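# Analysis of the macromolecular model
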Amino acid sequence: MSKNNSSKNSNKLDNKKQDTEQLSDTLSAQNADKPQIEEKKEESEEARVKPTKAQRFFNVIDKFGDLFFLNIYFFITCIPIVTIGAAFTALYTVTNKMVKDDESPVKEAYFKAFRENLKQGTIIWIVDLIYLFLMYLQYSYVITSNSETARIIYVILGFEFILAAFAIPLQFPMVARYENTTFNLMRNALVFSLANLGTWIKIFFIWSFPSMLYFLNPRILVYTWFLWALFLTAFFTYVSSMLLIRFYDKIEKPRE
């Protein structure tokens with residue numbers, strides 16, 4: 001009986017040794033595979049981070065093509081005039097995604113954003129038009145009168161221009177990025193412009209420089225108007241979105 005028991009115990013020990021050896025072999029095989037997997041991951045990350053020159057070239061061509069079609073969609077939706085605000089909001093919505101390479105078919109993305117922001121973008125645009133029209137009436141009175149009232153209105157007109165210059169440039173980018181009431185979006189556009197003067201100056205310069213150039217030399221508009229219809233509006237919006245990325249991050253990810 002003792003011999004049988006001892007033989008059984010020895011068999012059990014042998015089986016345990018075999019099991020442990022098999023387990024160690026499988027673990028070593030798995031550990032040997034891990035560096036290969038990690039190397040593959042590193043290679044895939046490097047491939048994403050460093051595209052080839054040909055890939056970069058075709059990416060740029062794709063961007064220009066998307067901006068060309070966006071420009072056409074923008075001008076089509078601007079035809080009723082009152083929808084220009086919604087059109088700019090939709091344009092900013094798509095270019096914001098393009099800047100972050102979070103792209104979808106531009107036609108579907110543009111018209112979806114246009115429908116979603118039609119009411120709010122149109123209301124803000126109409127308010128801006130009324131405000132600018134009142135400024136125009138005041139300016140027309142000031143340049144045709146030498147009265148004391150005209151001089152007072154001239155000073156008020158200066159303050160109104162400053163208010164419009166700070167409020168309008170960030171209105172439609174804010175509507176494209178955030179959901180809020182119409183009044184809060186217009187107020188926030190003014191507050192954020194005053195609080196982020198560097199961003200405001202860049203956006204204001206991008207859109208006001210062509211206007212000043214055409215005012216100083218109207219003949220330039222005769223030779224370049226078709227560029228705005230084909231490409232420039234979407235391109236300027238895309239550049240604005242590139243500059244607004246840090247502005248959005250500052251709002252959405254404040255420093256602790």
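This text goes with the structure placed above it.
Residues numbered from 1 in each chain as written. Predicted model: local features only at pLDDT ≥ 70, side-chain atom pairs only at ≥ 80, totals over all residues. Heavy atoms only, no water.

### Describing the pattern of salt bridges
Scanning the model with the defined rule gives three salt bridges in all. Of the charged contacts in the structure, one is a salt bridge between Asp 101 and Lys 63, with a shortest N-O distance of 3.2 Å. Residue Asp 101 is located in the loop between helix 3 (84-99) and helix 4 (106-116), and its partner Lys 63 is located in helix 2 (residues 53-77); the two are separated by 38 residues in the primary sequence. A relative accessible area of 59% means that Asp 101 is categorised as exposed. Residue Lys 63 is classed as buried on the basis of its relative accessible area, which comes to 16%. (Salt bridge = Lys/Arg side-chain N within 4 Å of Asp/Glu carboxyl O. Helix = DSSP H or I, 4+ residues; strand = E, 2+ residues; numbered from the N terminus. Buried < 20%, exposed > 50% of the residue type's maximum accessible area, 1.4 Å probe, protein only.)

### Re the packing of helix 9 (residues 197-216) against helix 10 (residues 219-252)
Axis separation between helix 9 and helix 10 bottoms out at 10 Å; the angle between their running directions is 175 degrees. Of the possible angle classes, the one that applies to helix 9 and helix 10 is roughly antiparallel. Across from Thr 199, Lys 202, Ile 203, Ile 206, Trp 207, Pro 210, Leu 213 and Tyr 214 in helix 9, the residues of helix 10 making contact are Ile 220, Leu 221, Thr 224, Trp 228, Thr 233, Phe 236, Thr 237, Val 239, Ser 240, Leu 243, Leu 244 and Phe 247. A breakdown of the residues in the contact of helix 9 with helix 10 according to their chemical character gives 14 nonpolar, five polar and one charged. (Axes fitted to C-alpha atoms, helices over the stretch in contact; angles between N-to-C directions. Parallel < 35°, antiparallel > 145°, perpendicular 65-115°, else oblique. Contact = heavy atoms within 4.5 Å. Nonpolar A, V, L, I, M, F, W, Y, C, P; charged D, E, K, R; others polar.)

### Considerations on the packing of aromatic side chains
All chains considered together, the criterion is met by 22 aromatic pairs. Their ring planes at 50 degrees and their centres at 5.8 Å tell us that Phe 247 and Tyr 248 sit as a pair that is tilted. Taking relative accessible area as the criterion, Tyr 248 reaches 1% and is therefore assigned buried. One aromatic cluster is present, built from ring pairs that chain together Phe 64, Phe 74, Phe 75, Phe 88, Phe 172, Trp 207, Trp 228, Phe 231, Phe 235 and Phe 236. Here the guanidinium or amino end of Arg 177 rests over the ring plane of Tyr 248, the centre of that ring lying 4.5 Å away. (Phe/Tyr/Trp six-rings, centres within 6.5 Å; stacked < 30°, edge-to-face > 60°. Lys NZ or Arg CZ within 6 Å of the ring centre and 35° of its normal.)

### So, the nonpolar core
Leu 67, Leu 70, Phe 74, Val 94, Tyr 110, Leu 170 and Leu 244 are the most contacted members of the largest nonpolar core, which totals 41 residues. Where this core is concerned, the elements lending two or more residues are helix 2, helix 3, helix 4, helix 5 (118-143), helix 7 (171-177), helix 8 (182-195), helix 9 and helix 10. Ignoring sequence-local partners within four residues, the contact set of Leu 170 consists of Ala 189, Phe 192, Ser 193, Ile 203, Leu 244 and Phe 247. (Core = buried A, V, L, I, M, F, W, Y, C linked by side-chain atoms within 4.5 Å.)

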